[in-house]
Amino acid sequence: MADTPAASYPMIGGDGPCSYAHNSSFQRTAVESAQALINEGISENLDVKQLIFSSPSSPNSFSIADLGCSVGLNTFIAVQNIIESVKFKCLADDLCSEAVEFQVFFNDHVSNDFNTLFKSLPCDGQYFAAAVSGSFHGRLFPKASLHFAHSSYSLQWLSRVPKELLDKKSPAWNKGRIYYIGAPSEVFEAYSAQFAKDMESFLNSRAQELVNGGLMALIIPCYPVGIPPSQCPMFVIIDLLEATLMDMVNMGLVSEDKVDSFNLPKYYPTPQELRSLIHKNGCFSIEKMEPLVRNRGPVNESKIQDPILPLRTALEGPIKGHFGSEIIDELFDRYKKKFLESPIFSHVNKNQVQEMFILLKRRVA
């Protein structure tokens, strides 16, 4: 897994009970809650006359990219809101919104289930749609070709597992663990450094692809500073997965070496960390950066028939890629039992992950 990019492990596709399409209501609520912030951001920061109607290269054309779109309906909700906001901005500026043609690019890794995604594509003809496969940590589009980029609940996934975690001679060797919580400081530092590299690559790539004055909206789950990891569901659920794997090691069902060489390619930055990385990059101005206030309370997993399904949807890809498919059902059956027995289950709405909404504007190059 050290040499395999995290992007190789997709969310569960299709339309089955374990699919992302049926288990992404938590992420959907975040997208819906950000709609007003995106509307406001476009109204206050997007110069539609300059970018659309005065553009010599692509007059009356507006290009949008949803980065890390996956296979569910969430991407369509985000895109539709952006389009409606741009049209409203045109009307507010006494410009003809009907003259604007919208091009939308749905991006995710090459193994994403684009077939399911496009089967669900709205047929209202409001935009031209295309799939763009590949990692958003690198270039995906021609220079200065995008007007708006959007990414929600994707940037916490690392491009790859830090290589130091698998080096037995390194102080960051993460033996017996699958994450950085409770690990030596060197493990956390390796994760943090990888996230910084990934963000730099992501921002540099978007800086080349966005036109001057173009906007980018991000929703990124962050570590809520001041709350111990033991009280944060996002960390506890990984601890429970780690404990489940170690139980299976002790029962001879899973190789200890396999666990020692497995680390989740996921990192939750602090808001301060994010702000610092964006400032360091220097290509974007931060027009808005604030905690996302959900329109409704977080999804109550106790009301879901099988509360482990959303977690399985998110975690099965990297686990199956490393351990194989043979252990998946038993692993998640055992994981579900631990999850339901954990006190965190009855307090799932408390101390939730802090979600940051960030609106960036491309500086003049």
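Note that the structure is a prediction, hence the values are computed from the model and not measured.

### Details of the packing of aromatic side chains
For the structure shown, the criterion picks out 19 aromatic pairs. A centroid spacing of 6.4 Å and a plane angle of 55 degrees characterise the contact between Phe106 and Tyr127, whose relative ring orientation is tilted. A residue pair is termed long-range when its members are at least 10 positions apart, and Phe106 in strand E2 (residues 101-108) and Tyr127 in the loop between helix H5 (114-119) and strand E3 (128-133) qualify at 21 residues. Each member of the pair, Phe106 together with Tyr127, is buried. An angle of 50 degrees between the planes, with centres 6.3 Å apart, marks the rings of Tyr179 and Phe235 as tilted. Of this pair, Tyr179 sits in the loop between strand E4 (146-152) and helix H6 (185-209) while Phe235 sits in helix H7 (residues 233-250), and the two are 56 residues apart along the sequence. For the pair Tyr179 and Phe235, a shared accessibility class is recorded, and that class is buried. Members of the aromatic cluster, connected to one another through ring pairs, are Tyr179, Tyr180, Phe188, Tyr191, Phe195, Tyr223, Phe235, Tyr267 and Tyr268. Sitting above the plane of the Phe202 ring, Arg206 keeps its charged end 5.0 Å from the centroid.

### Details of the side chain of Glu355
Counting through the fold element by element, Glu355 comes out in strand E7 (residues 354-362). Within the structure, the side chain of Glu355 is placed 2.7 Å from the side chain of Tyr153, a separation counted as a polar contact. There is a polar contact of 2.4 Å between the side chain of Glu355 and the side chain of Arg294. The contacts of Glu355, once residues within four sequence positions are left out, are Phe26, Ala30, Tyr153, Ile220, Pro221, Glu290, Pro291, Leu292 and Arg294.

### With respect to helix H11 (residues 328-341)
For H11, built from 14 residues, the straight-helix expectation of 20 Å at 1.5 Å per residue is met to within 8% by its first-to-last C-alpha distance of 20 Å. Taken together, the buried positions of H11 are occupied by Ile328, Leu331, Phe332, Tyr335 and Phe339. Buried positions in H11, seen along its axis, are confined to an arc of 85 degrees and lie on one side of it. Seen from the buried face of H11, the exposed residues on the opposite side, beyond 90 degrees, are Asp333, Lys337 and Glu341.

### Some words on the sheet that holds E7
The seven strands lie next to each other as E3-E2-E1-E4-E5-E7-E6, forming an open sheet whose pairing is mixed. The strands lining the two open edges of the sheet, one partner per strand, are E3 and strand E6 (284-291). For this sheet the average axis-to-axis angle between neighbouring strands, irrespective of direction, equals 15 degrees. Note: E6 against E7, seven bridges, orientation antiparallel. If you follow Phe284 over to E7, its bridge partner there is Arg362. The sheet strands contacting helix H9 (residues 271-281) are strand E5 (210-222), E6 and E7, and the helix crosses E6 at an angle near 170 degrees.

### Description of the pattern of salt bridges
Any two side chains of opposite charge can pair, on the condition that their charged atoms come close. Applying the stated criterion across every chain, the model contains 13 salt bridges. Note that Arg294 is salt-bridged to Glu355, the shortest N-O span being 2.4 Å. In this pair, Arg294 is assigned in the loop between E6 and helix H10 (309-323) and Glu355 in strand E7, connecting sequence segments 61 residues apart. Across this residue pair, the class does not change: Arg294 and Glu355 are buried. When salt bridges that share partners are traced, they join Arg312, Glu316, Lys320 and Asp329 into one network.

### Focus: the pairing of strand E1 (residues 61-67)
Extensive coverage of E1 is indicated by the burial of seven of its seven residues. Taking every second residue as pointing to the same face, both faces of E1 are buried, with Ser61, Ser63, Ala65 and Leu67 on one and Phe62, Ile64 and Asp66 on the other. Sheet analysis places E1 next to E2, joined by seven bridges and oriented parallel. For Ala65, the partnering residue across the bridge sits in E2 and is Phe105. Across three bridges, E1 lies against E4 in parallel orientation. For Ala65, the partnering residue across the bridge sits in E4 and is Ala149.

### Remarks on the confidence of the model for the chain
For the chain, per-residue confidence averages 88 on the pLDDT scale, and 88% of positions sit at 70 or higher. In the predicted structure, residues 1-7 sits below a pLDDT of 50 and forms 23 contacts with residues beyond four places in sequence or in another chain. Low pLDDT (under 50) marks residues 297-304, which in the prediction has 16 contacts with non-local residues, meaning those over four places away or in another chain.

### Looking at helix H1 (residues 25-33)
Among the nine residues that make up H1, seven are buried, leaving the element largely enclosed by the rest of the structure. Along H1, the residues that are buried comprise Phe26, Gln27, Thr29, Ala30, Val31, Glu32 and Ser33. Those residues of H1 hidden inside the fold are in contact with helix H2 (35-45), helix H4 (74-92), E4, E5 and E7.

Cut-offs and rules
Residues numbered from 1 in each chain as written. Predicted model: local features only at pLDDT ≥ 70, side-chain atom pairs only at ≥ 80, totals over all residues. Heavy atoms only, no water. Phe/Tyr/Trp six-rings, centres within 6.5 Å; stacked < 30°, edge-to-face > 60°. Helix = DSSP H or I, 4+ residues; strand = E, 2+ residues; numbered from the N terminus. Buried < 20%, exposed > 50% of the residue type's maximum accessible area, 1.4 Å probe, protein only. Lys NZ or Arg CZ within 6 Å of the ring centre and 35° of its normal. Polar contact = N/O pair within 3.5 Å; in protein donor to acceptor, adjacent residues only side chain to side chain. Contact = heavy atoms within 4.5 Å. Expected span 1.5 Å × (residues − 1). Arc of directions from axis to C-beta. Pairing = 2+ DSSP bridges. Axes fitted to C-alpha atoms, helices over the stretch in contact; angles between N-to-C directions. Salt bridge = Lys/Arg side-chain N within 4 Å of Asp/Glu carboxyl O. pLDDT = per-residue confidence, 0-100.

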